[in-house]
Amino acid sequence: MIKLIFAVRHFYLLPFYYLYQGLFNAHNAVRSKYIKAKFNIHPDVRFWYNTHIYGSGKIIIHEGTYFGQNTYISSYPDHAEIEIGCNCSISHSVHIRTSDNIPETLGSIHVKKKVGNIKIGDNVWIGAGVYLKGGITIGNNVAIGANSVVNKSFHDNVVIGGVPVRIIRNIN
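Now for a look at the structure at hand. As the structure is a computational prediction, the values presented were derived from the model and not from experiment.

## Structural notes on the overall build of the protein chain
Of regular secondary structure, the protein chain possesses one helix and 19 strands. Taken across its 172 residues, the protein chain has 35% of its residues classed as buried. For the protein chain, the proportion of contacts with a sequence separation of at least 24, taken over those separated by at least 6, is 20%. Carbon and sulfur atoms make up 60% of the accessible area of the protein chain, which amounts to about 10,400 Å² in all.

Put into structure tokens, the structure is as follows:
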């Protein structure tokens, strides 16, 4: 009897679930259309929910790129630029930011702003929780391990990871 009540209760909730999913997907479609219009983003780029792309700088994303949930892409100030190549796979909770605050001393409220462009090549795989700081270039065919902090540039065909990031091995 308990299994029957459980099944019936969930059966009645299904239409509400699908209605919610439909509204959620419609909201994402409108939001995605707005973001693609504001920045130079190819129509083939796919966003998972809760992806944040913002800033006053230039953001270019080429075709075939995928973004996981809770990903943040921020391009500040106006002269900063982020370019992401073709067929990149960017996992969830990734932060790509052109500017960074550096405190002058420990406990100081005065900070210096470090700003630099970010260029990510083609066929790059970025694992979950990666943080990419401004002023870097990532080559083509690069894999970045989960929870890495990328603070310097890397050439093509490598696997990188760690805090701070380093080359783990070359890809043949």
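## Examining the sheet that holds strand β7 (residues 81-84)
Pairing in this open sheet of five strands is parallel, and the strands run β1-β4-β7-β12-β15 from one edge to the other. Strands at the two margins of the open sheet, each flanked by one partner only, are β1 (40-41) and β15 (136-138). Both β7 and strand β12 (residues 118-120) contribute to a ladder of three bridges, which runs parallel. By the bridge assignment, I82 is partnered in β12 with I118.

## Considering the pairing of strand β19 (residues 166-170)
In this structure, strand β18 (residues 158-161) lies alongside β19, joined through four bridges in antiparallel fashion. Pairing of V159 across the sheet is with R169, part of β19. The hairpin turn running from β18 into β19, its antiparallel successor, is four residues long, and G162 in that turn takes a positive phi close to 110 degrees.

## A few points about the state of the cysteines
What the rule picks out here adds up to zero disulfides. In this structure C86 is not part of a disulfide, and its nearest cysteine sulfur, from C88, lies 7.6 Å away. A relative accessible area of 2% places C88 in the buried class.

## Some details on the pattern of salt bridges
Taken as a whole, this structure holds one salt bridge when the rule is applied. K133 is paired through a salt bridge with D100; the nearest N and O atoms lie 3.2 Å apart. Remark: D100 occurs in strand β10 (residues 99-103) and K133 occurs in the loop between β14 (131-132) and β15; sequence separation between them is 33 residues.

## Brief notes about the nonpolar core
With 30 residues, the main nonpolar core has I84, I96, I120, I126, L132 and I138 as its most contacted residues. Secondary-structure elements contributing two or more residues to this core are β4 (58-61), β7, β12, β15 and β18. Apart from the residues within four sequence positions on either side, I138 is in contact with K119, I120, G121, V124, L132, I144, V150, K152 and F154.

Quick notes on the rules
Residues numbered from 1 in each chain as written. Predicted model: local features only at pLDDT ≥ 70, side-chain atom pairs only at ≥ 80, totals over all residues. Heavy atoms only, no water. Helix = DSSP H or I, 4+ residues; strand = E, 2+ residues; numbered from the N terminus. Buried < 20%, exposed > 50% of the residue type's maximum accessible area, 1.4 Å probe, protein only. Contact = heavy atoms within 4.5 Å. Areas by Shrake-Rupley, 256 points an atom, 1.4 Å probe, with all protein chains shown as cover. Pairing = 2+ DSSP bridges. Disulfide = S-S within 2.5 Å. Salt bridge = Lys/Arg side-chain N within 4 Å of Asp/Glu carboxyl O. Core = buried A, V, L, I, M, F, W, Y, C linked by side-chain atoms within 4.5 Å.

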